[in-house]
Amino acid sequence: MSLLELQAVTKKFGGLTANQDVSFTLEAGQIVGLIGPNGAGKTTAFNCVAGFYAPTSGVIKLDGHDITGLTPEACASAGVARTFQIARTFTSMTALENVTTGALLKQRKLPQARARALHWLSFVGLDRFADKPAGSMTISEQRRLAVARALAISPKLLLMDEVMAGLNPTEVREMVEVVLKIRGTGVACLIVEHVLEGIMPIADKIVVLDRGVKIAEGTPAEVSQSPLVIAAYLGDEQ
Amino acid sequence: MSMKNVYFISRCFAPHSARGNSTVSSLVLCAAILIALLIPFVVSSPSHLNLAVLVLMAAQLGVAWNILGGYAGQVSLGHAAFYGLGAYASTLLVLKFGLNPWICMLAGGLVAAVVSLGFGWSCLRLKGHYFAMATIAVAEILQIVFTNWDYAGAAVGLTLPMDKTGWAYLVFSDKTPYYWLALGLLAVTLLANVAIERSYLGYYLRAIKDEPDAARSIGVDISKYKQIALSISAFFTALGGSLYAQKELYIDPASVLSTSMSIKMALVSILGGVGTLFGPVVGAVVLTSIEEVTRASFGGSGRGTDLIIYAGLIVVIAVFYPSGLLGWWRARVERSRANLALGSKPAETHQKGAR
Amino acid sequence: MTLEILLQTLASGVLIGLIYSLVAIGLTMIFGVMDIVNFAHGEFLMLGMYASFWMFSLYGLDPLLTMPLTMLLLFAFGVLLYSVVIRRIIDAPMLSQIFATFGLMLLLRGVAQFLWKPDFRSVENSWVSGSFKFAGLQLGTPQLVAGIGAVVITAAVYLFLHHTKVGAALEATAADKEAARLMGIDSNRMFALAWGLGAACAGAAGVLLSTFFPIFPEVGATFILLAFVVVNLGGFGSVTGAFWGGIIVGVTEVMGGLLIGPQYKMAIVLTLFLAVLMFRPQGLMGKA
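Everything numeric here is computed off the predicted structure, so don't read it as measured data.

The rules behind these values
- Residues numbered from 1 in each chain as written.
- Chains lettered and ligands numbered in written order.
- Predicted model: local features only at pLDDT ≥ 70, side-chain atom pairs only at ≥ 80, totals over all residues.
- Helix = DSSP H or I, 4+ residues; strand = E, 2+ residues; numbered from the N terminus.
- Rg over C-alpha atoms; globule rule 2.2 N^0.38 Å.
- Buried ≥ 20, exposed ≤ 12 C-beta atoms within 10 Å, placed from the backbone.
- Contact = placed C-beta atoms within 7 Å.
- Core = buried A, V, L, I, M, F, W, Y, C linked by C-beta atoms within 7 Å.
- Nonpolar A, V, L, I, M, F, W, Y, C, P; charged D, E, K, R; others polar.
- Pairing = 2+ DSSP bridges.
- Axes fitted to C-alpha atoms, helices over the stretch in contact; angles between N-to-C directions.
- pLDDT = per-residue confidence, 0-100.
- Parallel < 35°, antiparallel > 145°, perpendicular 65-115°, else oblique.
- Left-handed = near helix turned anticlockwise from the far one by under 90°.

### A word on the overall build of chain C
Okay, so step 1: The helix and strand inventory of chain C stands at eleven helices and two strands.
Okay, so step 2: In chain C, the order of α-helices and β-strands from amino to carboxyl end is α-α-α-α-β-β-α-α-α-α-α-α-α.
Okay, so step 3: Expected size for 288 residues packed as a compact globule is a radius of gyration near 19 Å; at 18 Å, chain C falls within 12% of this value.
Okay, so step 4: The principal-axis extents of the C-alpha atoms in chain C amount to approximately 60 × 45 × 35 Å.
Okay, so step 5: In chain C, buried positions account for 55% of the 288 residues.
Okay, so step 6: In chain C, 78% of the contacts between residues at least 6 apart in sequence involve partners at least 24 apart.

### A word on the nonpolar core
Okay, so step 1: The biggest cluster of nonpolar side chains holds 295 residues, and the ones touching the most others in it are A182 and I314 of chain B together with I19, V23, A194, A205 and A227 of chain C.
Okay, so step 2: Ranked by residue count, the leading element in this core is helix α1 (residues 3-34) of chain C, at 16 residues.
Okay, so step 3: Residues contacting I314 of chain B, with those up to four places away along its chain left out, are L267 and I270 of chain B together with F99, F102, G103 and L106 of chain C.

### Points about the interface of chain B and chain C
Okay, so step 1: The partner chain C presents 36 residues to the 34 residues of chain B that form the contact.
Okay, so step 2: Secondary structure elements with two or more residues in the side of chain B that touches chain C: α6 (128-147) and α14 (305-320) of chain B.
Okay, so step 3: Residues belonging to the side of chain B that touches chain C are distributed by class as follows: 23 nonpolar, eight polar and three charged.

### Focus: the interface of chain B and chain A
Okay, so step 1: With 17 residues of chain B in contact, the opposing surface of chain A contributes 24 residues.
Okay, so step 2: Elements represented by at least two residues in the side of chain B that touches chain A include exactly α8 (200-210) and α9 (212-217) of chain B.
Okay, so step 3: At six residues, α8 of chain B tops the list of elements feeding residues into the side of chain B that touches chain A.
Okay, so step 4: A breakdown of the residues in the side of chain B that touches chain A according to their chemical character gives seven nonpolar, three polar and seven charged.

### A closer look at the sheet that holds strand β8 (residues 188-192) of chain A
Residues and elements named next belong to chain A.
Okay, so step 1: If you walk across this open sheet you meet the six strands as β6-β7-β8-β3-β9-β10, and the pairing is mixed. Strands with a single pairing partner mark the edges of an open sheet, and in this sheet they are β6 (80-82) and β10 (213-218). On average, each strand axis in the sheet is tilted by 20° relative to the strand beside it, whichever way the strands run.
Okay, so step 2: Where β6 lies against strand β7 (residues 157-161), three bridges are found, and the strand directions are parallel. The partner of R82 across the bridge, within β7, is L159.

### A look at the environment of Y169 of chain B
Residue and element names in this part refer to chain B.
Okay, so step 1: Take Y169: it is sitting in the loop between β1 (158-159) and α7 (175-198).
Okay, so step 2: Counting along the chain gives 68 residues from Y169 to P101, while the straight-line C-alpha distance between them is 6.0 Å.
Okay, so step 3: In contact with Y169, not counting residues within four places along its chain, are P101 and K164.

### Section: the confidence of the model for chain B
Residue and element names in this part refer to chain B.
Okay, so step 1: With 88% of its residues at a pLDDT of 70 or more, chain B has an overall mean of 84.
Okay, so step 2: Counting contacts from residues 13-20, a segment whose pLDDT is below 50, to residues more than four positions away or on other chains yields eight contacts.
Okay, so step 3: Within the model, pLDDT remains below 50 along residues 345-355, and this stretch shows 17 contacts once partners closer than five positions in the same chain are excluded.

### Brief notes about the packing of helix α4 (residues 80-97) of chain B against helix α10 (residues 222-248) of chain B
All names here are of chain B.
Okay, so step 1: Closest axis-to-axis distance for the α4/α10 pair is 7 Å, and the angle between their directions is 55°. Considering their axes alone, α4 and α10 lie oblique with respect to each other. Considering the relative orientation of α4 and α10, their crossing is right-handed. Note on element contacts: α10 touches α4 through A234, T237, A238, L239, G240, G241, S242, Y244 and A245, opposite F82, Y83, G84, L85, G86, A87, S90 and T91.
Okay, so step 2: Here the contact of α4 with α10 is composed, by residue class, of nine nonpolar, eight polar and no charged.

Here it is in structure tokens:
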């Protein structure tokens, strides 16, 4: 049984079909990259898994449980964590408080939640920011903070939405290390990404979407040689 | 109260600034507590003591409002609904069933909390402006209903007997016990705020206010926690209403369910600083002083001068000092400390502490 | 209850409803263009009423005559209010926006109370006083004229928005401020225009009302609440919605008063309001 299964997920917005019969699986502890040209429907699929959209049709299963159409908070309880394209850290709080808020999902007692939060903060290398206001951190640091906050809810699956966008090469490398470390803890990652040099080297599997439809699924090597994929990217002015 | 708790509470003056600020804050807090405890012994004139009671009552209502408005970020302009419900519920229970006033007060609070469940279920998912308008509508409807409800005295209102006095009846001829009652209620409401801030509820409410979608992504059910904040706020507001009833011994729809009462409850927090612990207290002191001064100088001619000053203040605060007096003070203190730290005066940066 | 009473009530409901539409049009325009709820909108109506009153009692000029001038004055006042206060809170947090307009509401009421005292005034024996039998119904002339006036002005606003360049610019700003800006439309000017126009419409409603409704500093309070209900019902940002919404609210109010009791009129309207907020928050034609 796969950790995550998308079965013929279709999402329509009025007359626009953003996802059409998208199906793929993700095994526990895998890193799967979801790539495709602009407008491919990656973020839509992503939001369907995370509960921010309800699919028009199709089934999404996490660990065998049907999570199709659950609210975002219910998905989080079920074990799906996510980050956003804009970090959306809680700016009225310190970094530690941000992560603590995440830890509170599984650990209602504050001292214990704070301890877990500190653990995840160190995990992403931000422990020296513990008592600093989240708003005072750089974009790359806030992104890592958002990752720590997401990990604090003890998820089985972490969805990351373009975490590497706009980062310089050093920051991209730092983020890649964080992702690998996450896999090391047993949490699977589904990553929507445009920065291909960040995701291709580390992914176990790549799923390619184009105009709402899945056009390829396989190892990074297989996918990068697929003529369909090459055509899709060449056709898109990037 | 241990020093650690005083320290913590004083940090609530400025929850996110560096520690150095807190020694001053602790001192200010201790001074304030001392003054509060000494007032009944120092103030001789009953009208001045009454003024102090009014300040405490306004502050308590502001603190209660703030639980929803400040921490959960939902602006209610109809909180008089809960105030009135508390006042009417407790008064009716005392008058019609002869129950112990203390129990009636608590019952009033519970009635308001229960009603807030219905209200929350229907309106909390409304965004900002819409929610504010819904609260106005609910309070108005309630006022109309009570104005026409004969059992509750309709427009004439209800009067509480003043023949029996004492703590068992919660009726006193002297103002001093009311002072202690009001101070006690304020303290309890403040402690409730502190308890919320320190608990997971406080974290969740702050998260909801900052980034609702991010909060949902880490498992926070927004409606549920906003509802909790609403019910707690309603409960304490209702207690304030009951206190008013026991003090004035007369309530009618115009005095406890009016829009001006709702405005005052919100204003006190806006003025002092929404989302801060002591903001409403500061706001209550300032607002009540303004009311008294304008009443004294303009002789209550009914010409609306106090309204003009009041309203002018609201506009100025809303436009220039959105984080209220406390927020403005905090920003000033931070800036002067930053200047000192740098050892020289940097160029004047225009800081607007908007939350 | 006879058919005649029913029709009579319906007629008066429609007529007063048209006034509500006129007040609501300004409110919905302001919201549509800049996403700000103007709690002080009722005060524009109040000022229109007082302008009408003073010109009548001091100079003997009939309200209908002075209406264009009053509308112009209110337009200027709306623009003034925008440039002095509202401009500064466009990007402020919602709490500040709510309180800024709320504060203005109280401020204007206080100033009115200070200048003109809380006494009730009225315009007696204007050109339109008296009543009128029409199709077997007894209608007050001021109410009828007010209703007609409201329709005329509403139609004028509608034509302005849909058939002039400036109107199109206003609609464009309402639809997408940034895109409009990229096309060379100055949003600041559009906002000021919306405020001026909104104030003028509310002022006009005030003038029309002054011929039969009591004039006092707090008169805006009832109408602002009703205007909210209308805007909500019709849809925030929709002028057509405000028109039909006004009629619906007017009819609901008087019918409710007839069927349940006049003291509950407001409660019935507000319950309708809450119901719409809960079940169809975007209203009949709104942009939500």
